[in-house]
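Below are the chains, spelled out letter by letter.
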Amino acid sequence: MKALLQKLSGIARTLFSPIHSLRRSFPLLSYIIGRFIIMAAMLFLLGFAVFGLMELAPGDIVDQIMIQQLFSENQSRGSSRTNETVNMEQYEAQRAYLGLDQPFYIQYFRWINRVVVYHDLGVSLISRAPVSFLIASRLFNSLLLNLISLVLITVFSFILGVYFSAKAGTRTDLAVTFFALVLHAFPGILLLILLQLFASVTNLFPVTAYPSFPFSEAPGKFVFSYAHHVFLPLLASFLGGIGGTLRMIRATMLDQLGQPYITSLRSRGIAEWKVYFFHAFRNTLNPYITGSANLLAGLFSGSLILEIIFAYPGIGRLMYEAVLQEDINLVLSNIMFISFLVLLGMVLADILLALVDPRIRYGKN
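About the cut-offs
- Residues numbered from 1 in each chain as written.
- Predicted model: local features only at pLDDT ≥ 70, side-chain atom pairs only at ≥ 80, totals over all residues.
- Heavy atoms only, no water.
- Helix = DSSP H or I, 4+ residues; strand = E, 2+ residues; numbered from the N terminus.
- Buried < 20%, exposed > 50% of the residue type's maximum accessible area, 1.4 Å probe, protein only.
- Contact = heavy atoms within 4.5 Å.
- Areas by Shrake-Rupley, 256 points an atom, 1.4 Å probe, with all protein chains shown as cover.
- Salt bridge = Lys/Arg side-chain N within 4 Å of Asp/Glu carboxyl O.
- Expected span 1.5 Å × (residues − 1).
- Bend = angle between axes of the 7 residues up to and from the residue.
- UniProt positions renumbered as here; feature names shortened; annotations may be inferred.
- 1 Å grid on protein atoms, 1.4 Å probe; cavity = no way out; pocket = protein on both sides within 12 Å on 5 of 7 lines; lining within 4 Å.
- Points joined across faces, edges and corners; volume = space filled by probe spheres on them.
- Nonpolar A, V, L, I, M, F, W, Y, C, P; charged D, E, K, R; others polar.
- Arc of directions from axis to C-beta.
- Axes fitted to C-alpha atoms, helices over the stretch in contact; angles between N-to-C directions.
- Parallel < 35°, antiparallel > 145°, perpendicular 65-115°, else oblique.
- Phe/Tyr/Trp six-rings, centres within 6.5 Å; stacked < 30°, edge-to-face > 60°.
- Left-handed = near helix turned anticlockwise from the far one by under 90°.
- Patch = residues over 30% accessible without salt bridge, like charges linked within 9 Å, V, L, I, M, F, W, Y side chains within 5 Å.

### With respect to the overall build of the protein
Each helix and strand counted, the protein has 14 helices and 0 strands in total. Scored against the burial criterion, the 365 residues of the protein give a buried share of 35%. Sequence separation of 24 or more characterises 72% of the internal contacts of the protein that already satisfy a separation of 6 or more. Looking at the protein as shown, the accessible area adds up to about 21,400 Å², and 68% of this sits on carbon and sulfur atoms.

What follows is the structure, given as structure tokens:
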């Protein structure tokens, strides 16, 4: 028995030797590879859970199609038993054609096989359009909206956080801290509804967030019209995100300004602005980079509600419509794609953290 264990241990050492060698020689690269492997495992489990949950939902997409057909036929010709028999046969044939008569885990593995082997996300079960085309046509709008929100939140959070850390304890600082706390706690969906009510009552802004004409028709006019349409959704996203980020940067700056190395710098006569921007400010980047991945995830999940309320043609609204129609191909591809973007943002944040802070290394020690 002991000899067998020693033999198995030797085989395990041989198998994992390249991995240990990679970790010793390239710790950051091995860490990135490990994160991508974990990301793939998480996406697999997420897709499995989505397929299982969609299976628990009553009915499926074939039910909806057949109900619509029956309703239209009854209105035009009247119902008959012969038609019901034919429709039931069509129903079973349609379910078998789409693979919906199989257990959900078999449907899921078939979907994975099609995506991994043939690089095909399938077609929408409703519109019959390729899922990759539908996602690509909406993805740019969602990315543009969320990136603009992220840049605005980042810039203003740093400016206000650093400024009010220098004014800590003043009445202005207390007022800003209070409003930041209110914004952080205010329900985002309520803020979106209030802003849309404001737009409908005052007519200062459109109630939809996208121009009614394409970019190719009039590029210059489209840019100004887009800025006008998207102002209120961006404002809602900005107000929902700046409260927490501003409070974090202000608190981190105050923590750094109380550290002994700051006292040492000041005692050496270093200018106060250099102490702020060359030393204390740099150390606020670590918690921001760590939190930016969560902020990006929050923006993507929040944009789903935003796109529904303001009729913005993004990937979140596409997923909402797919869930209502139980279009499993479109739902799964949307969720996997958004989850991939969020997980990729977390990996990039970890890599950026290692590059910004020389104290962080992903080696064995």
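Here the narrative resumes.
### Here's the deal with the pattern of salt bridges
A side chain of one charge can pair with a side chain of the opposite charge when the charged atoms of the two come close. By the definition in use, this model includes 3 salt bridges. With a closest N to O distance of 2.6 Å, glutamate 272 and arginine 266 form a salt bridge. Taking the relative accessible area as the measure of exposure, glutamate 272 reaches 37% and is therefore partly exposed.

### Here's the deal with helix α9 (residues 219-257)
For an α-helix the count is 3.6 residues per turn, leaving residues at separations of three or four pointing the same way. The terminal C-alpha atoms of α9 lie 48 Å apart, and with 39 residues this falls more than 12% below the ideal 57 Å at 1.5 Å per residue. The sharpest bend along α9 measures roughly 45° and falls at phenylalanine 231, with the proline proline 233 sitting one to four residues further on.

### So, the UniProt feature "transmembrane region" (unreviewed entry) in the protein
The sites that UniProt annotates as "transmembrane region" (unreviewed entry) are residues 28-54, 143-166, 178-206, 226-246, 295-315 and 335-356. Span residues 226-246 is 100% helix and 0% strand, its end C-alpha atoms 28 Å apart.

### With respect to the layout of surface pockets
Of the volumes computed, that of the largest pocket is approximately 390 Å³. Lining of the largest pocket is provided by 16 residues; of these, Leu150, Ser292, Leu296, Gly345 and Leu348 occupy positions nearest its centre. Within the residue set of the lining of the largest pocket, elements represented by two or more residues are α6 (131-166), α12 (285-309) and α14 (328-356). Partitioning the lining of the largest pocket into residue classes produces 13 nonpolar, 3 polar and no charged.

### Focus: helix α5 (residues 104-118)
Here α5 spans 20 Å end to end across 15 residues, near enough to the 21 Å set by a 1.5 Å rise per residue. Every buried residue of α5 is accounted for by Gln107, Tyr108 and Trp111. Looking straight down α5, one finds that the buried residues subtend no more than 100° of arc, so they occupy a single side. α5 presents Val116 and Tyr118 as exposed residues on the side facing more than 90 degrees away from its buried surface. Residues of α5 that are buried sit in contact with α2 (27-56) and α14. Backbone geometry just downstream of α5 places histidine 119 in the positive-phi region, at approximately 50°.

### Details of the packing of α12 against helix α13 (residues 315-324)
Across the interface, α12 lies against α13 with an axial gap of 7 Å and an inter-helix angle of 80°. Between α12 and α13, the angle is such that the two are roughly perpendicular. From α12, Leu304, Glu307 and Ile308 reach across to α13, where they touch Ile315, Gly316, Arg317, Met319 and Tyr320. When its residues are assigned to classes, the contact of α12 with α13 shows 5 nonpolar, 1 polar and 2 charged.

### Considering the packing of aromatic side chains
A full pass over the atoms with the stated rule returns 20 aromatic pairs. Plain terms: the ring middles of tyrosine 210 and tyrosine 312 are 5.8 Å apart, the flat faces sit at 80° to each other, and that makes the pair edge-to-face. One end of the pair, tyrosine 210, is in the loop between α8 (188-202) and α9; the other, tyrosine 312, is in the loop between α12 and α13, and 102 residues separate them in sequence. Its relative accessible area of 23% is what places tyrosine 210 among the partly exposed residues. Consider the rings of phenylalanine 213 and phenylalanine 222, whose centres lie 6.0 Å apart with planes at 85°: the pair is edge-to-face. Take phenylalanine 222: its relative accessible area is 8%, and that puts it in the buried class. Counting every residue linked through ring pairs, the aromatic cluster contains Phe44, Phe48, Phe104, Tyr105, Tyr108 and Phe109.

### Things to note about the packing of α13 against α14
Helices that pack against each other are described as a pair by the angle of their axes relative to one another and the distance between those axes. Interhelical geometry of α13 versus α14 gives an angle of 145° and a closest axis separation of 8 Å. In the packing of α13 onto α14, the handedness of the crossing is left-handed. Here α13 contributes Ile315, Leu318, Met319, Ala322 and Val323 to the contact with α14, which in turn contributes Leu330, Val331, Asn334, Ile335, Phe337 and Ile338. Taken together, the residues of the contact of α13 with α14 sort by class into 10 nonpolar, 1 polar and no charged.

### Regarding a nonpolar patch on the surface
A contiguous nonpolar patch, built from Phe178, Phe179, Val182, Phe186, Ile189, Leu190, Ile193, Leu194, Leu197 and Ile305 and spanning about 890 Å² of accessible area, is present on the exposed surface. Every element with two or more residues in the nonpolar patch is listed here: α7 (171-185) and α8. No other element matches the 5 residues that α8 contributes to the nonpolar patch. Mapped onto the elements of the fold, isoleucine 305 is located in helix α12.

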